[in-house]
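Report on the structure
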Amino acid sequence: MLTIMENADQLAQSAAEEILNTVRAQPNAIIVLPTGNTPLPTYARLVEISQQQAIDWSGVRVVSLDEYSGIARDDPRVLCSWLERKIIGPLGIATDHFIRFEPADDPLTESARIEDWLGKNGPIDLAVLGLGLNGHLGFNEPGTAFTARAHSLTLTPESISSNATYWGGEDKVPRSALTLGIGTLMQSCRIMLMVSGQAKADILARSIEGAVGPEVPATALRSHPNLIILADGSAALALSRESLP
Ligand code: GLP
């Protein structure tokens, strides 16, 4: 289901409500949260509403979507530390309820550890995702099999370039990463994809209307039975009339 919101504020409001509905229905829900610029307004709204309505987050388990690898845990670029500052800490989620990839540890062991945790505790109730400029989900880069489980990878030049805006230059972007796999994400009970800004218009159109296949990882989502796509007006600009709600 695609919903076009008038602007980024409305997108944040709807996305925050969607996440809160999951928590209200299941106080011990497992929720995947992404990093990136897209979810920032949603996280701010989520914290605001949670404080106003005294939402209890103590039972919720958050799983990180992705992480750089081969950097120290105290490196300022660690994505899970960003997530901790922006949302985990402000919501009062305990450290042991934040299931995160360790950037400095062996990537193979890390991927297996996260999959093992999900196997014992899953399924994921809600996976919140952003969309990469090249169609990536988490760090599932173009060419990744739709059946992929958590894995380590080398970033594509496109992802290095888009991530450069976070760290002030391509040379500052780590080259390898860890991510939940597309196959892992597709087993989630519900998936919410958030897309904002005109820069994402073409890739959103390709994700929704283009050929389904690993070259655009987000096309995998089209076969998920419980998918919600929230896009703002700018991100929806390249969609054909048939796709619009
Ligand atoms: C990044 C992250 C993804 C994120 C996506 C979009 O590279 N690995 O998890 O969802 O790209 O980021 P943004 O919201 O900043 O456009």
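Residues numbered from 1 in each chain as written. Predicted model: local features only at pLDDT ≥ 70, side-chain atom pairs only at ≥ 80, totals over all residues. Heavy atoms only, no water.

**Examining the overall build of the protein**
A count of helical and extended segments in the protein gives seven helices and 10 strands. Here the C-alpha atoms of the protein give a radius of gyration of 17 Å, agreeing with the 18 Å that 2.2 N^0.38 yields for 245 residues. In terms of its C-alpha atoms, the protein occupies a principal-axis envelope of roughly 45 × 45 × 35 Å. Burial status across the protein gives 55% buried among its 245 residues. Within the protein, contacts between residues at least 6 apart in sequence are counted, and of these 79% link residues at least 24 apart. Carbon and sulfur atoms form 52% of the exposed surface of the protein, whose accessible area is close to 10400 Å². For the protein, the separation between the mean place of its 18 positive charges and that of its 28 negative charges on side chains is 1 Å. (Helix = DSSP H or I, 4+ residues; strand = E, 2+ residues; numbered from the N terminus. Rg over C-alpha atoms; globule rule 2.2 N^0.38 Å. Buried < 20%, exposed > 50% of the residue type's maximum accessible area, 1.4 Å probe, protein only. Contact = heavy atoms within 4.5 Å. Areas by Shrake-Rupley, 256 points an atom, 1.4 Å probe, with all protein chains shown as cover. Lys, Arg positive; Asp, Glu negative; His and termini not counted. Charge placed at Lys NZ, Arg CZ, Asp CG, Glu CD.)

**Description of the packing of helix α1 (residues 8-25) against helix α2 (residues 40-52)**
Packed helices, taken two at a time, are described by the angle their axes make and the gap between the axes. The N-to-C vectors of α1 and α2 enclose an angle of 55°; their axes lie 8 Å apart at closest approach. Accordingly, the angle class assigned to the pair α1 and α2 is oblique. In this structure, α1 meets α2 at a crossing whose hand is right-handed. Residue-level contacts link Leu 11, Ala 12, Gln 13, Ala 15, Ala 16, Glu 17, Ile 19 and Leu 20 of α1 to Pro 41, Thr 42, Arg 45, Leu 46, Ile 49 and Ser 50 of α2. Grouping the amino acids of the contact of α1 with α2 by side-chain chemistry returns nine nonpolar, three polar and two charged. (Axes fitted to C-alpha atoms, helices over the stretch in contact; angles between N-to-C directions. Parallel < 35°, antiparallel > 145°, perpendicular 65-115°, else oblique. Left-handed = near helix turned anticlockwise from the far one by under 90°. Nonpolar A, V, L, I, M, F, W, Y, C, P; charged D, E, K, R; others polar.)

**A word on helix α3 (residues 79-91)**
Here α3 is 13 residues long and its end C-alpha atoms lie 17 Å apart, about the 18 Å a rise of 1.5 Å per residue gives. Those residues of α3 that sit buried are Leu 79, Cys 80, Ser 81, Trp 82, Leu 83, Ile 87, Ile 88 and Leu 91. In this fold, the buried residues of α3 make contact with β2 (30-33), α2, β3 (61-64), β4 (66-69), β5 (98-99) and α5 (157-167). Two residues or fewer past α3, Gly 92 is found with a positive phi of approximately 75°. (Expected span 1.5 Å × (residues − 1).)

**Quick word on the site of the ligand**
For the ligand, the set of nearby residues contains 14 residues, the closest of which are Asn 37, Thr 38, Asp 66, Tyr 166 and Lys 200. At a separation of 2.8 Å, a nitrogen atom of the ligand approaches a polar side-chain atom of Asp 66. Gly 138 has a polar backbone atom sitting 3.3 Å from a nitrogen atom of the ligand. Alone, the ligand offers 390 Å² of accessible surface; in the complex the protein occludes 93% of this. Its residues placed into classes, the shell around the ligand shows four nonpolar, eight polar and two charged. (Near = heavy atom within 4 Å. Polar contact = N/O pair within 3.5 Å; in protein donor to acceptor, adjacent residues only side chain to side chain.)

**With respect to unusual backbone geometry**
With the exception of glycine, most residues fall at negative phi, and the peptide bonds are largely trans. The amide bond that connects Gly 122 to the next residue, Pro 123, takes the cis arrangement and shows omega of 10°. The topology assignment puts Pro 123 in the loop between α4 (107-121) and β6 (126-130). Backbone geometry places Ala 54, a non-glycine residue, at a positive phi of 45°. Secondary-structure assignment places Ala 54 in the loop between α2 and β3. We classify Ala 54 as exposed; its relative accessible area is 65%.

**Section: the side chain of Ser 81**
Along the polypeptide, Ser 81 turns up in helix α3. Since its relative accessible area comes to 15%, Ser 81 is described here as buried. Apart from the residues lying within four places of it in its own chain, the contact partners of Ser 81 are Arg 73 and Arg 100.

**Quick look at the sheet that holds strand β1 (residues 2-5)**
Across the sheet, which stays open at both edges, the seven strands sit in the order β1-β10-β9-β6-β2-β3-β5 with parallel pairing between neighbours. Each of the sheet's edge strands pairs with one partner strand only, and the pair in question is β1 and β5. Direction of pairing for β6 relative to strand β9 (residues 190-195): parallel, over a ladder of five bridges. Its bridge partner being in β9, Leu 126 is matched across the sheet by Arg 190. Along the sheet face, α4 touches β2, β3 and β5 and points at about 150° away from the line of β3. (Pairing = 2+ DSSP bridges.)

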